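Structural description and commentary
Here's the letter readout for the chains.
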Amino acid sequence: MSDSKQSCTGSRQPAPPAGDEQAHAAIARRMSKVRNKILVLSGKGGVGKSTVAVNLAVVLANGGKRVGLVDIDIHGPSIPKMLHIEGVAPKTHGDIVEPVSVGPNLTAISIGLFLKSDSQSVIWRGPLKYSMIMQFLKDVEWGELDYLVVDSPPGTGDEPLSICQLLPEVTGAVVVTTPQEISVTDVRKCLSFCERMGLRVLGVVENMAGFACPHCGRKINPFGTGGGEKLAAEAGVPFLGSMPMVQGMVEACDAGEPFVQKYPDNEVALAIGSIADRIAGVCDKQE
């Protein structure tokens, strides 16, 4: 692959490895029915990236958009549990796979749906992960979609690189961080990755941005303040908003109930709604 750089405002990804031309053509045909493809990325684990991806997809679907959610975290798939679809085996018709329906406008696919138990580990090297991600794009019958949201594992390794090489005409990336400097430092690498891949950065989301003390109401910031906004300004990309920590988020995720659906009037749900509106506005303008 060429080592040349492209602007963060571009949307052209690097060419995939040679071979499998028919597979890449099949992906292009299937993805031509998808209006917007959004990658949710982070250079740091534990920042709530899957939480952002799931709730963003649910908000868009609740707004009447047709949404597909792809979990390409091969080693730690969390989407099935967060959407309460564990144990729901996708239907197959020959080589074609139906994504699992989560609601009227939302479907999802994850390697977790194909494992025998949630304790089964996936011990794969890069080529097998690349092949699985290819199948998620080529063999899954997504149909007509307004948005395909891709939840990627942290870092800049096999999975993020594979999706960039395989998914044509990516609309852009949403980059998730916490305010903590150690998180921001790692997420800078993710922004560098986007630049190298020619991915437009739709914006930075700051998660875990403090919480209100349940006893006195005073704002507490265990991970610091403003790291995500400073990072966005430093990189010259949009800051999409902050998501504070609130009671009920962990319980909702563990119970498979998207937070924005269970607590639609909560400040976090409203923040995610605002983030979704900003992303939708950029996508509409780009179209």
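Just so we're clear, the structure is a prediction, and the values are computed from it rather than from any experiment.

1. Brief notes about the packing of helix α2 (residues 49-62) against helix α10 (residues 267-286)
Following both chains from N to C, one finds α2 and α10 inclined at 70°, their axes separated by 9 Å at the closest point. In terms of orientation, α2 lies roughly perpendicular with respect to α10. Facing α2, whose interface residues are Asn55, Leu56, Val59 and Leu60, α10 presents Ile272, Gly273, Ala276 and Ile279. By residue class, the composition of the contact of α2 with α10 is six nonpolar, two polar and no charged.

2. Topic: the pattern of salt bridges
It is possible for side chains of opposite charge to pair when their charged atoms get near one another. Considering all chains together, one arrives at 14 salt bridges under this definition. As a salt-bridge pair, aspartate 146 and arginine 35 come within 2.7 Å of each other at their nearest N and O atoms. With aspartate 146 in strand β7 (residues 145-151) and arginine 35 in strand β1 (residues 34-41), the pair connects residues that are 111 residues apart, well separated along the chain. Among the residues examined, aspartate 146 registers a relative accessible area of 6% and is labelled buried. The salt bridge partner of glutamate 181 is arginine 188, with a shortest N-O separation of 3.3 Å. The exposure class assigned to arginine 188 is partly exposed, which follows from its relative accessible area of 30%. Each member of the salt-bridge network shares a partner with another, and the members are Arg35, Arg66, Asp146 and Asp284.

3. A word on the nonpolar core
Grouped together as the largest cluster of nonpolar side chains are 88 residues, with contacts concentrated most on Leu39, Leu69, Leu148, Ile163, Leu167, Leu199 and Ile279. Broken down by element, this core gets its largest block of residues, nine residues, from α2. Setting aside anything within four residues of it in sequence, one finds leucine 39 in contact with Val150, Ile163, Cys164, Leu167, Val170, Gly172, Ala173, Val174 and Leu199.

4. Overview of the sheet that holds strand β8 (residues 172-177)
Pairing in this open sheet of eight strands is mixed, and the strands run β5-β6-β2-β7-β1-β8-β9-β12 from one edge to the other. The open sheet has two edge strands, β5 (100-101) and β12 (239-243), and neither has a second partner. The pairing of strand β9 (residues 201-207) with β12 spans four bridges and is classified as parallel. The partner of valine 204 across the bridge, within β12, is phenylalanine 239.

5. A look at the state of the cysteines
Tallied over the entire structure, the rule returns zero disulfides. In this model cysteine 164 remains outside any disulfide bridge; the closest cysteine sulfur is found in cysteine 194, 7.2 Å from its own. This cysteine, cysteine 190, is not joined by any disulfide, and cysteine 194 carries the nearest cysteine sulfur, 4.7 Å off.

6. Details of the packing of aromatic side chains
Here the structure, examined in full by the defined rule, presents one aromatic pair. When the centroid spacing of 4.9 Å and the interplanar angle of 45° are considered together, the rings of phenylalanine 259 and tyrosine 263 count as tilted. Exposure remark for phenylalanine 259: the relative accessible area of 1% places this residue in the buried category. Judged by its relative accessible area of 31%, tyrosine 263 is partly exposed.

7. Digging into unusual backbone geometry
Not every positive phi belongs to a glycine, and histidine 84 is a case in point at roughly 60°. The topology assignment puts histidine 84 in the loop between α3 (79-82) and β3 (92-93). The backbone of glutamate 169 shows a phi angle near 55°, a positive value even though the residue is not glycine. Counting through the fold element by element, glutamate 169 comes out in the loop between α5 (158-166) and β8.

8. Quick look at the confidence of the model for the chain
Mean pLDDT over the chain: 90, with 93% of residues reaching 70 or higher. Every residue in residues 1-12 is under pLDDT 50, and counting partners more than four places away or in other chains gives 27 contacts.

Rules used throughout
- Residues numbered from 1 in each chain as written.
- Predicted model: local features only at pLDDT ≥ 70, side-chain atom pairs only at ≥ 80, totals over all residues.
- Heavy atoms only, no water.
- Axes fitted to C-alpha atoms, helices over the stretch in contact; angles between N-to-C directions.
- Helix = DSSP H or I, 4+ residues; strand = E, 2+ residues; numbered from the N terminus.
- Parallel < 35°, antiparallel > 145°, perpendicular 65-115°, else oblique.
- Contact = heavy atoms within 4.5 Å.
- Nonpolar A, V, L, I, M, F, W, Y, C, P; charged D, E, K, R; others polar.
- Salt bridge = Lys/Arg side-chain N within 4 Å of Asp/Glu carboxyl O.
- Buried < 20%, exposed > 50% of the residue type's maximum accessible area, 1.4 Å probe, protein only.
- Core = buried A, V, L, I, M, F, W, Y, C linked by side-chain atoms within 4.5 Å.
- Pairing = 2+ DSSP bridges.
- Disulfide = S-S within 2.5 Å.
- Phe/Tyr/Trp six-rings, centres within 6.5 Å; stacked < 30°, edge-to-face > 60°.
- pLDDT = per-residue confidence, 0-100.

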